[in-house]
Amino acid sequence: MERNSTKLVTKLISSYKSPSNIALVKYWGKKNKGIQLPANASISFTLSDLCATTIVEAMPCEEVLKEPSFMFQLNDLPKASFEPKIKAFLKRIWDNYSFLKSHRLLIRSSNNFPHGAGIASSAAGFSALALCMVDLQEQFSGTPLIDSKREASRISRLGSGSACRSMFSEPGVWGKTKDIEEACDEYAVPMTGMHESFKSWKDIVLIVDASEKSVSSTEGHQQLNNNIYAESRYLSAKKSLDLVLDALKKHNLPAFIHTVESEALQLHAMMMVSPMHYILMEPNTLAIIQKIWAFREETHLPLCFTLDAGANVHLLYDGREEDKIINFVENEVLPLCSQKQYFCSDLGGEPIKLNDIEK
Ligand code: DP6
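Let me begin by describing the structure that accompanies this report. Keep in mind the model is a prediction, meaning the values are calculated, not measured.

### Remarks on the overall build of the chain
Moving on, step 1. Counting secondary structure elements, the chain contains nine helices and twelve strands.
Moving on, step 2. The C-alpha radius of gyration computed for the chain amounts to 21 Å, which stays within 12% of the reference 21 Å derived for 359 residues, consistent with globular compactness.
Moving on, step 3. Principal-axis analysis of the C-alpha atoms gives the chain an extent of 70 × 40 × 40 Å.
Moving on, step 4. Out of the 359 residues belonging to the chain, those deemed buried represent 55%.
Moving on, step 5. Sequence-distant contacts in the chain: of pairs separated by 6 or more residues, those separated by 24 or more amount to 77%.
Moving on, step 6. For the chain, the accessible area works out to roughly 16,200 Å², and carbon and sulfur atoms hold 53% of it.
Moving on, step 7. Between the averaged position of the 39 positive side-chain charges in the chain and that of its 43 negative side-chain charges there is a distance of 5 Å.

### Description of the site of the ligand
Moving on, step 1. Of all residues adjacent to the ligand, which total 16 residues, the nearest are Tyr27, Lys85, Ser160, Gly161 and Ser162.
Moving on, step 2. Measuring from an oxygen atom of the ligand, one finds a backbone N or O atom of Gly161 at 2.7 Å.
Moving on, step 3. Between the ligand and Ser162, the relevant distance is 2.7 Å, taken from an oxygen atom to a side-chain nitrogen or oxygen of the residue.
Moving on, step 4. Considered on its own, the ligand offers 460 Å² of accessible surface; in the complex 93% of this is hidden by protein.
Moving on, step 5. In terms of residues, the shell around the ligand owes the most to one element, helix α5 (residues 217-223), which gives three residues.

### What about helix α4 (residues 148-159)?
Moving on, step 1. Given a rise of 1.5 Å per residue, twelve residues ought to cover 16 Å, and the 17 Å separating the end C-alpha atoms of α4 matches this to within 8%.
Moving on, step 2. Within the span of α4, buried status applies to Glu151, Ala152, Ser153, Ile155, Ser156, Arg157, Leu158 and Gly159.
Moving on, step 3. Here the buried face of α4 lies against α2 (83-93), α3 (122-141), β6 (172-174) and β7 (188-190).

### A closer look at the nonpolar core
Moving on, step 1. Ranked by internal contacts, the top residues of the largest apolar core, which has 40 residues, are Phe89, Leu105 and Met133.
Moving on, step 2. Broken down by secondary-structure element, the contributors of at least two residues to this core are β1 (12-25), β2 (42-60), β3 (70-74), α2, β5 (103-111), α3 and α4.
Moving on, step 3. A per-element tally of this core places α3 first, with eleven residues.
Moving on, step 4. Leaving out residues up to four positions away in the same chain, Leu105 has contacts with Val56, Glu57, Ala58, Ser69, Phe70, Met71, Leu90, Phe99, Leu100 and Met133.
Moving on, step 5. Counting 38 residues, the second largest nonpolar core, distinct from the first, contains Ile22, Ala183, Cys184 and Ala255.

About the criteria used
Along each chain, residues carry numbers from 1 onward, in the same order as the chain's sequence is written. Local features in a predicted model are, by the rule used here, given only for residues with pLDDT of at least 70; side-chain atom pairs are given and counted only at 80 or more, and totals for whole chains, interfaces and linings are based on all residues. Side-chain numbers come from the whole structure's heavy atoms, not from hydrogens or water. Secondary structure elements follow DSSP: runs of H or I of four or more residues count as helices, runs of E of two or more count as strands, with numbering from the N terminus. Values of the radius of gyration come from C-alpha atoms, whereas the globule rule sets the reference at 2.2 Å times the count of residues to the power 0.38. Burial classification: accessible surface area is computed with a 1.4 Å probe over protein chains only, and a residue below 20% of its type maximum counts as buried, one above 50% as exposed, and the rest as partly exposed. Only heavy atoms matter for contacts: two residues are in contact if any of them lie within 4.5 Å across the pair. Here the accessible surface of atoms and residues is derived via Shrake-Rupley with a 1.4 Å probe, and residues count as covered only by protein chains that are part of the display. His is not counted here, nor are the chain ends, while Lys and Arg score as positive and Asp and Glu score as negative. The atom standing in for a charge is NZ when the residue is Lys, CZ when it is Arg, CG when it is Asp and CD when it is Glu. What makes a residue near a molecule or strand is one non-hydrogen atom of that residue sitting within 4 Å of it. Here a polar contact means two N or O atoms within 3.5 Å. Within protein one must be a hydrogen donor candidate and the other an acceptor candidate, and residues neighboring in sequence count only if both atoms are side-chain atoms. An expected span of 1.5 Å times one less than the residue number is assigned to each helix. Working definition of a nonpolar core: buried Ala, Val, Leu, Ile, Met, Phe, Trp, Tyr and Cys residues. They are joined through side-chain atoms within 4.5 Å.

This is the structure:
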């Protein structure tokens, strides 16, 4: 669709609030062909209470831009360390997002959890940014897309792979798998048929180390290229996905708990056996895992842990047992956390488009 003179002088604006997500089966390793395609299929829950809010203002300019022009602010301050990833993202969508050639962007993002708490924000951030980009292109062209969310999932992957799963209230599945016909490597799809009982599950993020990770996820993925265990890991991830999907449908708690914990440990095992051989867990990560195992052994309550690519522990549990679990966390686990910090979130929840008044 052509630009007209009215559009040229109009500032465009869009804003979305998107949840973060925690993977049950981990995306760890990228295909050698294509851009940001996963080596194995993964599945995650969104974390509805840990969100990024992003506002993009697109200011029209007279000249035709040769490359994306943007300024980025996190919590109202410039954040130079995020710029390379955002620039790479904008370059990847450049050809299909024509408004970028005639607009300079001001991207303002904020998280509802403290920056520097060791909680990864790139999934929530790129989910929200991608949704804004789709909306702005639709405003510019005057043509709504048939499936805007699918397109946002597709392009958010080009910013940060795990972001493409932060789109649905159902668990997000990303990557080709025989288990779900419509699943593919380009974008995530919602899982259907999850057992009702999982709707009451929640996550407590136990902050073991609030500092920036010494090895980024992007570097971690690259390490799989020369990891002699990579192919076995991808096979194992395939089995994990079968098991987790089946457990989610049938409410098979032993299978769910076993597979989710195994996935977390396999992720960290791959770091340890990679060419760089590094460890992101801290002594208190292991101490918390031991506490969770002992507590489960003693109480038989429905809970398990998972990890992302860092030292913090995610405690997943059935919210119907909340009182006992919070009691356990406060008495036994918090002394092992950095400054006794933790964050609770419901699971599920999808991005929300914000009206002008909410921005
Ligand atoms: C351990 O999505 O952060 O959280 O695609 O390079 O941006 P890039 O990596 P990223 O990797 C996330 C890895 C993980 C597992 C997961 O979320 O599936």
